[in-house]
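So the chains spell out like this:
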Amino acid sequence: MYDLISLLERAKTASVETANMGTLKKNDALLFVAEELRGRKAEIIKANKIDISNGEENGMPDSLLDRLRLDDARIEAMAEGVRQIAQLDDPIGEGLLRKVRPNGLIIEQVRVPMGVIGIIYESRPNVTVDSFALCFKSGNVAVLRGGSDSINSNIALSNIIKDGLAKADVTEDAVILIDNTDREIVNQLMKQNDYLDLLIPRGGKGLIQNVVMNATVPVIETGTGNCHIYVDKYADIDKAIKIIRNAKLQRLGVCNACESLVIHKDIAEKCLPLIAADLTSEEVEMKGDETSQSISNLIIPADPTDYATEYLAKKISVKIVDSIEEAIAHINKYSTGHSESIITEDYNSSQKFLKQIDSACVYVNASTRFTDGFEFGFGAEIGISTQKLHARGPMGLLALTSSKYMIYGDGQTR
């Protein structure tokens, strides 16, 4: 029988060391880990090829295979992300508030680690490295449970991380990989309130909802990404085509890819045929309403579910609207609260969109693909939070901290 509790006890013990570790010590350990990743690329790629081969045999879609695949450039990017995190300011110990009360009590609020953070994720082995590095820099221990599809990659990466920590004379239990892929382990993990301080699910809608609905450990919900781009009547059409192509096609299997296109009727006749020609030249299936179909014969009928779908494939929905107000209402109805963008040269339109769209990240004249911890300067991210409590958007170091009050007295009683 898999001894989950023993692993969690080790994590809890290690969290005392990580919470009280100095910044220089943490940074040195992260740099050792980055060098281990760079020096052992062949080992990582060898393990990853086993996962890719298994995925191909099991009929995994190309977009998910792309999420899973590691190569020299992606490993280099992971290592660079670790190095960047080492260079970021350490949030632990930051003073948030200081008050002197009339009775002489001095009350200080300071930033502290969460403690032990569990991450449940699918497919992407880079999450193993990103999650460890962010948790470690913020004084936390990471308990990682990846999917069966990436198990060989995750084992290789976690072993390399542990070797880097050992070289820095830091507890190897700062990262704990649960290498049992039985789904029952996830159900057990979600209820370990005595050991876990926070749980973060990353993956498909089914995984996230299972954790949100059934966990007793506090959860930060990372959402699926039905991301929209709205082409306003004041849009620069060339800019729109470029941004939409990037947001849809740069990587298909990611949560910040554009899945839904909304276009103002006053510009649709000019821009939609050009957008459709560009996307369908890359074999993107466009599913739209009757108005969009009347403008371009490259668009096939959409059904109501299309507007609420995260495709993660060469598909996109299209909706023609009469006004920016209708566009905002449509997006807020079908959005998953992740990322939305407006293409416009009109300041008033941009401000209305920014203020009224209820999503974690709202863009003007830029691709939704920038919703990413690395792009935001966080070094990496542990997920994109689509909830509103505690953390929202790309979660970097600050999202993995809490605070506590330290009170200094001189004999006061109440």
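As the structure is a prediction and not an experimental result, all values here were calculated from the model.

Enquirer: What should I look at first to understand the sheet that holds strand β2 (residues 106-113) in this one?
Expert: Backbone hydrogen bonds are what pair the strands of a sheet, in a parallel or an antiparallel way. Spatially, β1-β2-β16 is the arrangement adopted by the three strands of the open sheet, whose pairing is antiparallel. In this open sheet, the two strands that pair with only one neighbour each are β1 (95-100) and β16 (401-408). Direction aside, the axes of adjacent strands within the sheet are offset by 20° on average. Two elements, β2 and β16, share eight bridges in a ladder whose sense is antiparallel. Across the sheet, the residue bridging to Gln109 is Tyr405, located in β16.

Enquirer: I would appreciate a short explanation of the side chain of Ser341 in the present structure.
Expert: Counting through the fold element by element, Ser341 comes out in strand β12 (residues 339-343). For Ser341, a relative accessible area of 0% puts it in the buried group. Ignoring any residue separated from it by four or fewer positions in sequence, one finds Ser341 in contact with His228, Ile229, Tyr230, Phe353, Tyr363, Asn365, Ala366 and Thr368.

Enquirer: What is the right way to look at the packing of aromatic side chains in this model?
Expert: For any pair of aromatic rings, geometry is given as the distance between the ring centres together with the angle between the planes. Tallying each qualifying case throughout the model produces four aromatic pairs. With centroids separated by 6.2 Å and ring planes inclined at 15°, the aromatic side chains of Tyr230 and Phe353 adopt a geometry described as stacked. With a gap of 123 residues between them, Tyr230 in strand β7 (residues 227-231) and Phe353 in helix α14 (residues 347-356) connect regions that are remote in the sequence. In this pair, the class of Tyr230 matches that of Phe353, namely buried.

Enquirer: Could you clarify how one ought to interpret the pattern of salt bridges in this entry?
Expert: Opposite charge on two side chains allows them to pair when their charged atoms are near. Summed over the entire model, instances satisfying the criterion amount to 26 salt bridges. The salt bridge involving Asp173 is made with Arg10; its shortest N-O contact spans 2.8 Å. Note that Asp173 is positioned in the loop between α7 (151-167) and β5 (175-177) and Arg10 in helix α1 (residues 4-19), a separation of 163 residues in sequence. On the accessibility criterion, Asp173 (17% relative accessible area) is buried.

Enquirer: Looking at this structure, how should I read the sheet that holds strand β10 (residues 299-301)?
Expert: Read from one edge to the other, the open sheet built from seven strands follows the order β10-β9-β11-β8-β7-β12-β13, with strand pairing classed as parallel. Every other strand in the sheet has two partners, leaving β10 and β13 (361-364) as the edge strands with one partner each. Taken pair by pair, the neighbouring strands of this sheet meet at an average axis angle of 25°, ignoring direction. Of the strand pairs in this sheet, β7 and strand β8 (residues 258-264) are connected by five bridges, and their pairing is parallel. Residue Ile229 lies in a different strand from β8, and its bridge partner there is Leu261.

Enquirer: Honestly, the state of the cysteines in this entry has me stumped. Any pointers?
Expert: Two cysteines joined by a covalent bond between their sulfur atoms form a disulfide. Evaluated as defined, the whole model comprises zero disulfides. The thiol of Cys135 is unpaired, and the distance to the nearest cysteine sulfur, on Cys255, comes to 18 Å. Note on Cys135: relative accessible area 1%, which makes it buried. Left unpaired, Cys271 is separated from the closest cysteine sulfur, that of Cys258, by 13 Å. For Cys271, a relative accessible area of 0% translates into the label buried.

Enquirer: When you look at the environment of Asn103 in this model, what are you seeing that I'm missing?
Expert: Tracing the backbone shows Asn103 in the loop between β1 and β2. Taking relative accessible area as the criterion, Asn103 reaches 45% and is therefore assigned partly exposed. Taking C-alpha positions, Asn103 is 9.3 Å from Thr413, a pair spaced 310 residues apart along the chain. At 3.0 Å, the side chain of Asn103 and the backbone nitrogen of Leu105 are in polar contact.

Enquirer: In this structure, what is going on with the side chain of Ser385? I would like to understand it.
Expert: Relative to the helices and strands, Ser385 resides in strand β14 (residues 384-385). Judged by relative accessible area, Ser385 falls into the buried class, the value being 0%. Within polar-contact distance, the side chain of Ser385 engages the backbone nitrogen of Gln387 at 3.4 Å. Excluding its chain neighbours within four sequence positions, the residues that come into contact with Ser385 are Ile220, Glu221, Thr222, Ala360, Ala391, Arg392, Gly393 and Met395.

Enquirer: So what exactly am I meant to see when it comes to the pairing of β12 here?
Expert: Counting buried residues along β12, five of its five residues qualify, which places the element largely inside the surrounding structure. Neither face of β12 is left uncovered, since the one carrying Ser339, Ser341 and Ile343 and the one carrying Glu340 and Ile342 both have all their residues buried. Across four bridges, β7 lies against β12 in parallel orientation. By the bridge assignment for β12, His228 is matched with Glu340. Direction of pairing for β12 relative to β13: parallel, over a ladder of four bridges. Across the sheet, residue Ile342 finds its bridge partner in β13, namely Val364. As a crossover connection, the stretch from β12 through α14 into β13 is right-handed.

Enquirer: Mind showing me how you'd approach the packing of helix α3 (residues 41-57) against α7 here?
Expert: For any two helices packed against each other, the geometry comes down to the angle between their axes and how far apart the axes lie. Here α3 crosses α7 at 160°, and the two axes come no closer than 7 Å. Viewed along their axes, α3 and α7 adopt a mutual orientation that is roughly antiparallel. The crossing of α3 and α7 is left-handed. Two secondary-structure elements touch here, α3 through Glu43, Ile44, Ala47, Asn48, Ile50, Asp51 and Asn54 and α7 through Ile151, Asn152, Ser153, Ala156, Leu157 and Ile160. Within the contact of α3 with α7, the residues separate by chemical class into seven nonpolar, four polar and two charged.

Cut-offs and rules
- All residue numbers here refer to positions counted from 1 along the written sequence of the relevant chain.
- Only residues with pLDDT of 70 or above have their local features reported here, since the model is predicted, and side-chain atom pairs are shown and tallied only from 80 upward, although totals for entire chains, interfaces and linings are computed over all residues.
- To get the side-chain values, take all heavy atoms of the structure and skip hydrogens and water.
- Any two strands are treated as partners once DSSP identifies two or more bridges connecting them.
- Starting at the N terminus, helices and strands are each numbered in turn, a helix being any DSSP run of H or I of at least four residues and a strand any DSSP run of E of at least two.
- To obtain an axis, a line is fitted to C-alpha atoms, over the contacting stretch when the element is a helix, and the angle between two such axes runs from 0 to 180 degrees between their N-to-C directions.
- The buried label goes to any residue with under 20% of its type's maximum accessible area, the exposed label to any with over 50%, and the partly exposed label to all in between, with areas taken from a 1.4 Å probe on protein chains only.
- Only heavy atoms enter the contact rule, under which two residues are in contact if any of them lie within 4.5 Å.
- Any pair of Phe, Tyr and Trp rings, taking the six-membered ring for Trp, is counted once the centres come within 6.5 Å. Such a pair is stacked with planes under 30 degrees apart, edge-to-face with planes over 60 apart, and tilted for the rest.
- By salt bridge we mean one thing: a side-chain nitrogen of Lys or Arg within 4 Å of a carboxyl oxygen of Asp or Glu.
- Disulfide assignment relies on a single distance test, namely cysteine sulfur atoms paired within 2.5 Å.
- For this analysis, a polar contact is any N or O atom pair within 3.5 Å, provided that within protein one partner can donate a hydrogen and the other can accept it, and provided that sequence-adjacent residues contribute only side-chain to side-chain pairs.
- Convention used here: a crossover is right-handed provided that the path from the first strand, over the helix, to the second strand proceeds clockwise when the strands point away from the viewer.
- The labels follow the angle: roughly parallel below 35 degrees, roughly antiparallel above 145, roughly perpendicular from 65 to 115, and oblique for the rest.
- Handedness of each helix crossing follows the sense of rotation of the near helix against the far helix: counterclockwise by less than a right angle gives left-handed, clockwise gives right-handed.
- Just so you know the grouping, Ala, Val, Leu, Ile, Met, Phe, Trp, Tyr, Cys and Pro go in nonpolar, Asp, Glu, Lys and Arg go in charged, and all remaining residues, Gly too, go in polar.

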